[in-house]
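Observations on the three-dimensional arrangement
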Amino acid sequence: MSRTARALIAALLLACAVPVAASAQTQSTTPTTNAGTKLNFPASLGGATFERSVNYAAPPANNPGQGMAYQYSTPKRLTISVQVYDLGRRVPSGADNPTVTGQFNAELSAAEQQFKHAGYTAFQKPSVPSSCTYGSVTFRCVTYSGVTQGNSRVYSKLLLTGFRDHFVKIRIDWAQSQQQNAADADAALQAFVPALMR
């Protein structure tokens, strides 16, 4: 993947992570445990390597409802991002309640806008999201894609569920130009998600 394409995907990761300005965040390269859910984000997780975290509750953002975002990379150079947040309310467990369904629709709309803002064209997504189960956790999920200015298709799979009173959003990104595919993404998620959510 070209340096420009990697930078664009990284920017999309952070931009799609939460709807706050990218400058309003505190970043760290130190792995952590999420205080609200007690999920552990170690240096290596399910074969993926920790890259950084972003704390939206700390200054200068001071937006506790947006929680924390964590970014990992896989050996095949796929990027996995996890955001744990509650938007200032208690989130019911599971993927099929109205709170999660409504937030999933908002996340998908935001992702489409971010793709367009980044200059991607030919945005594609299925008309109806599905359910995906990794380990013992079921998520509302969808795979969407767009075409870069270099005429390469990039893909993202978005997962969302309610877990320990929070939303847990996981997104994995891959690019056609890197000979990465949906099977690579699913294999990475099969290893990563059960290791995270145990």
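On to the packing of aromatic side chains. Tallied over the entire structure, the rule returns ten aromatic pairs. A ring pair is formed by tyrosine 155 and tryptophan 174, whose centres lie 5.5 Å apart and whose planes are at 10 degrees; its orientation type is stacked. Placement of the pair is tyrosine 155 in strand β11 (residues 153-163) and tryptophan 174 in strand β12 (residues 166-175), with a sequence separation of 19 residues. Judged by relative accessible area, which is 3%, tryptophan 174 ranks as buried. Among the aromatic side chains, those forming a connected cluster through ring pairs are Phe115, Tyr120, Phe123 and Tyr144.

Another aspect to go through is the nonpolar core. Val82, Ile170 and Met197 are the most contacted members of the largest nonpolar core, which has 31 residues in total. Counting residues per element, the ones that place at least two in this core are β5 (48-55), β6 (68-73), β7 (79-85), β9 (130-134), β10 (137-147), β11, β12 and α3 (182-196). Residue contacts for isoleucine 170: discarding those within four places in its chain leaves Ile80, Ser81, Val82, Phe139, Lys157, Leu158, Leu159, Leu189, Val193, Leu196 and Met197.

With 15 residues, α3 ought to run about 21 Å at 1.5 Å a step, and its terminal C-alpha atoms sit 20 Å apart, in line with that. Taken together, the buried positions of α3 are Asp184, Ala185, Ala188, Leu189, Phe192, Val193, Ala195 and Leu196. If you check the start of α3, you find a side-chain oxygen 3.0 Å away from the backbone N of alanine 183, and it comes from asparagine 181.

Moving on, we get to the confidence of the model for the protein. Per-residue pLDDT for the protein has a mean of 87; in total, 87% of the residues score no lower than 70. Per-residue pLDDT stays below 50 along residues 1-24; that stretch engages in 51 contacts with residues further than four places along the chain or on separate chains.

Right, let's talk about unusual backbone geometry for a bit. Of note, the phi angle at asparagine 151 is positive, near 65 degrees, even though the residue is not glycine. Along the chain, asparagine 151 turns up in the loop between β10 and β11.

This paragraph deals with helix α2 (residues 98-117). Its 20 residues give α2 an end-to-end C-alpha distance of 29 Å, which sits within 8% of 28 Å, the value for a rise of 1.5 Å per residue. A distance of 3.1 Å separates the backbone nitrogen of threonine 99 from a side-chain oxygen at the start of α2, and that oxygen is part of asparagine 97. Immediately beyond the C-terminal end of α2, within one or two residues, lies glycine 119, with a positive phi of roughly 90 degrees.

Before going further, it helps to examine the environment of alanine 95. Secondary-structure assignment places alanine 95 in the loop between β7 and α2. Along the primary structure alanine 95 and phenylalanine 163 are separated by 68 residues, whereas in three dimensions their C-alpha atoms are 9.0 Å apart. Ignoring anything within four residues of it in the chain, the contact list for alanine 95 reads Val100, Thr101, Thr138, Phe139, Arg140, Leu160 and Thr161.

On to the pattern of salt bridges, then. A complete count under the given rule lists six salt bridges for this structure. Salt-bridge contacts for aspartate 165 lead to arginine 90; the nearest nitrogen and oxygen are separated by 3.1 Å. Placement of the pair is aspartate 165 in the loop between β11 and β12 and arginine 90 in the loop between β7 and α2, with a sequence separation of 75 residues. The class of arginine 90 is exposed, set by a relative accessible area of 62%. Put simply, aspartate 173 and arginine 171 hold a salt bridge, and the shortest N to O gap is 3.0 Å. A residue is classified by how much of its surface remains accessible, and aspartate 173, at 4% relative accessible area, is buried.

What counts and how
- Throughout this description, residue numbers start from 1 for each chain and increase along the sequence as written.
- Reporting in this predicted model follows two pLDDT cut-offs: at least 70 for local features of residues, and 80 or more for side-chain atom pairs to be given and counted; totals over whole chains, interfaces and linings ignore these cut-offs and use all residues.
- Only hydrogens and water are removed before side-chain values are computed, so all heavy atoms of the structure are retained for them.
- The pairing test for Phe, Tyr and Trp rings, Trp by its six-membered ring, is centres within 6.5 Å, and the orientation test on the planes gives stacked under 30 degrees, edge-to-face over 60, and tilted for anything in between.
- What counts as a helix is a DSSP run of H or I of at least four residues, what counts as a strand is a run of E of at least two, and both are numbered from the N terminus.
- Here's how the labels work: a residue is buried when its accessible area is under 20% of the maximum for its type, exposed when over 50%, partly exposed in between, all with a 1.4 Å probe on protein chains only.
- For our purposes a nonpolar core is just a set of buried Ala, Val, Leu, Ile, Met, Phe, Trp, Tyr and Cys residues, chained together by side-chain atoms within 4.5 Å.
- By definition, residues are in contact when any of their heavy atoms lie within 4.5 Å.
- Every helix has an expected span of 1.5 Å times one less than the residues it contains.
- Whenever a nitrogen or oxygen atom comes within 3.5 Å of another N or O atom, the pair is scored as a polar contact, on the condition that within protein one atom can donate a hydrogen and the other can accept it, and that pairs from neighbouring residues in sequence are kept only if both atoms are in side chains.
- Every residue carries a pLDDT, the predictor's confidence in it, which falls somewhere between 0 and 100.
- Each reported salt bridge corresponds to a side-chain nitrogen of Lys or Arg within 4 Å of a carboxyl oxygen of Asp or Glu.

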